[in-house]
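Observations on chain architecture
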Amino acid sequence: MSRYVIHSDEALVFRDGRPFGDAGIVDSGIVQWPLPPTIIGMMRTQVGLSRDPGYFSDPGKRQHNIRRIKSITSDLILPMWQEAHKSEWRFLYPVPADALLLDGQDASCYSVHGFAFHKPEEDEGINLPWSNWLLPTTTSREKPAQDAPGLWFEEKFFTWLQNYTFPDELQFRELGVPWPQVETRMHTAIGTFGTAQTGQLFSTQGIRLQSAGKGKRESKGRYGIGVVLSGLEPGDNPTGACRFGGERKIGQVELQPVDFPACPGWFEEDRFLRLVLISPGNFGSWAPDWLRPSPNESETPWRELPQSAIKVRLVSAFIPRWMPVSGWDFEQRQPRATRKLVPAGAVYVIKLHRPEESPEAARLLWGRSIADDPDGSNGYDVVCVGKLNVTDHGGKHTEIVE
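Thresholds, definitions, all that
- Residues numbered from 1 in each chain as written.
- Predicted model: local features only at pLDDT ≥ 70, side-chain atom pairs only at ≥ 80, totals over all residues.
- Heavy atoms only, no water.
- Helix = DSSP H or I, 4+ residues; strand = E, 2+ residues; numbered from the N terminus.
- Rg over C-alpha atoms; globule rule 2.2 N^0.38 Å.
- Buried < 20%, exposed > 50% of the residue type's maximum accessible area, 1.4 Å probe, protein only.
- Areas by Shrake-Rupley, 256 points an atom, 1.4 Å probe, with all protein chains shown as cover.
- Lys, Arg positive; Asp, Glu negative; His and termini not counted.
- Charge placed at Lys NZ, Arg CZ, Asp CG, Glu CD.
- Salt bridge = Lys/Arg side-chain N within 4 Å of Asp/Glu carboxyl O.
- 1 Å grid on protein atoms, 1.4 Å probe; cavity = no way out; pocket = protein on both sides within 12 Å on 5 of 7 lines; lining within 4 Å.
- Points joined across faces, edges and corners; volume = space filled by probe spheres on them.
- Nonpolar A, V, L, I, M, F, W, Y, C, P; charged D, E, K, R; others polar.
- Contact = heavy atoms within 4.5 Å.
- Pairing = 2+ DSSP bridges.
- Core = buried A, V, L, I, M, F, W, Y, C linked by side-chain atoms within 4.5 Å.

Before going further, it helps to examine the overall build of the protein chain. From N to C terminus, the protein chain includes five helices and 28 strands. Its C-alpha radius of gyration of 23 Å places the protein chain within 12% of the 21 Å reference for a compact globule of 402 residues. Expressed as lengths along the three principal axes of its C-alpha atoms, the size of the protein chain is roughly 70 × 50 × 45 Å. Evaluated residue by residue, the protein chain yields a buried proportion of 47% over its 402 residues. A total accessible area of about 20,300 Å² is found for the protein chain, and carbon and sulfur atoms account for 48% of it. If the 44 positive side-chain charges of the protein chain are averaged to one point and the 50 negative ones to another, these points end up 6 Å apart.

Here is the structure:
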């Protein structure tokens, strides 16, 4: 496996594939971060051009080369951050959906809380058919913070996975960074005589992978896109300048030495585990088939982890609003069907049949795809694993009433 980081000084344009230009649609379906197909597609292009400048343009070899280049896959794609005037890159992680961020006593601080869980009572009306499903509850009556950081630093993310709480309030810059700034440009169609045409307005949007560090809530530095590639052949070299995203903006691909952290040794006879998506989930539904219970079942069943005899069952989930994505099939030269993705940060709570198997279950799941076909995930569906039966800063255990 080879590790790279992509960065750029331009406003990069990434779209979700929704129709652009129809009546009433004046923007381009901007996404706040490029999706895995965009990234792996660009990296495959870089590899192909490093093999031969005409790798994709030779009519006699084009189809063969496209099929061949698909052997290059990505095991992990994550945002990265580089502080100003520093050379080292660090991983960033999406905010877990089971983290309730509230404004702190100071205007620049936040308190972060987890949830307690209980089975539905007889007088609680829900539309879920599973009797063993656990509902998350909180005693907080405050509104969630509106401008909290969208990406967490590794230290804070791992603290959340291990402890499911923070003992003290945290400042914005301690917790993480915001998503990259969106830059909007308004355009108009130009007529035959070089004048603007009435009513022919449209906008394009791009994200800036640089932060000027203005204000109390932003650090000065730049974002990068960390990519781990497998399947490279001797002599393949995707580094250097690249065309990235819409409008053929310029990016840079560099080697980076930072490795994804190994599974921690926190786990010991944990009855419950939390699976936190660190990349979008491309399951075709709200969870992978092997884990998702059927609506016809009275309770969520025991299922075996992929390539393992460890039995788990899904007992709760935190799923943000789905994301639309389409794209262009470079091989078939036609649009791809629109899909619904589970956003990064979604959380699945699983119960283990044998709690003593939790260290092995965490090791099998850590930093890997939980899709039904993990070998074809290409950067989608990757999870980190967190504990749930932990103590909060008041000395009490997270309440789980079954």
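Of note, Tyr 164 is a non-glycine position whose phi angle comes to about 55°, a positive value. Tracing the sequence through the fold places Tyr 164 in the loop between helix H3 (154-163) and strand E10 (170-171). On the basis of relative accessible area, Tyr 164 is assigned to the buried category, the value being 3%.

As a further point, take the pattern of salt bridges. In the structure shown here, the tally under the stated rule is 14 salt bridges. In this structure, Lys 249 engages Glu 247 in a salt bridge whose closest nitrogen and oxygen atoms are separated by 3.9 Å. Here Lys 249 falls in the buried class, since its relative accessible area comes to 11%. On the basis of relative accessible area, Glu 247 is assigned to the partly exposed category, the value being 44%.

Our focus in this paragraph is empty space enclosed by the protein. Overall, the coordinates contain one cavity of 30 Å³ or more when judged by the stated rule. Quantified by volume, the largest cavity comes out at close to 60 Å³. Lining the largest cavity are Ala 11, Val 13, Glu 183, Arg 185, Thr 204, Gln 205, Gly 206, Glu 247 and Lys 249. Sorting the residues of the lining of the largest cavity by element identifies strand E12 (181-190) and strand E13 (196-208) as the ones contributing at least two each. Looking at the lining of the largest cavity residue by residue, the classes come out as two nonpolar, three polar and four charged.

On to the environment of Thr 184, then. Checked against the element boundaries, Thr 184 lands in strand E12. Considered as a pair, Thr 184 and Ile 250 are 66 residues apart in the sequence and their alpha carbons are 18 Å apart. Leave out the neighbours within four places in its chain, and Thr 184 touches Ser 203, Thr 204 and Gln 205.

Right, let's talk about the pairing of strand E15 (residues 220-230) for a bit. Two faces belong to every sheet, and in a regular strand the side chains alternate between them. In terms of burial, E15 is a largely internal element, nine of the 11 residues being buried. The pairing of strand E1 (residues 2-7) with E15 spans five bridges and is classified as antiparallel. Bridge pairing in E15 links Ile 6 to Ile 225. Sheet topology note: the strand E3 (residues 73-83)/E15 ladder contains 10 bridges and is antiparallel. Residue pairing for E15: Thr 73 is matched across the bridge by Ser 230.

Attention now moves to the sheet that holds strand E27 (residues 382-387). On the basis of which strands lie adjacent, the open sheet formed by six strands has the order E19-E20-E25-E18-E27-E26 and antiparallel pairing. The sheet terminates laterally at strand E19 (303-304) and strand E26 (368-369), the two strands that pair on one side only. Pairing of E19 with strand E20 (residues 311-318), which is carried by two bridges, proceeds in the antiparallel orientation. Bridge pairing links Arg 303 to Val 312 in E20.

Below, the discussion takes up the side chain of Lys 156. Tracing the backbone shows Lys 156 in helix H3. For Lys 156, which is buried and forms no salt bridge, the nearest opposite charge comes from Glu 155, at a distance of 4.0 Å. Residues in contact with Lys 156, not counting those within four places in the same chain, are Phe 166, Leu 170, Glu 174 and Leu 175.

Our focus in this paragraph is the sheet that holds E12. Read from one edge of the open sheet, three strands run E2-E13-E12, paired in antiparallel fashion. Looking at which strands have only one partner, the edges of the open sheet turn out to be strand E2 (11-12) and E12. Sheet analysis places E2 next to E13, joined by two bridges and oriented antiparallel. Within E13, the residue paired with Leu 12 across the bridge is Ile 207.

A few words on the nonpolar core. Generally speaking, a soluble globular protein has its nonpolar side chains buried in company with each other. Within the largest apolar cluster, 64 residues are counted, with the highest numbers of intra-cluster contacts made by Trp 152, Phe 157, Phe 260, Ile 278 and Tyr 348. In this structure, Val 31, Ile 72, Ile 77 and Leu 92 belong to the second largest nonpolar core, which totals 31 residues.

None of this, on its own, says anything about what the molecule does.
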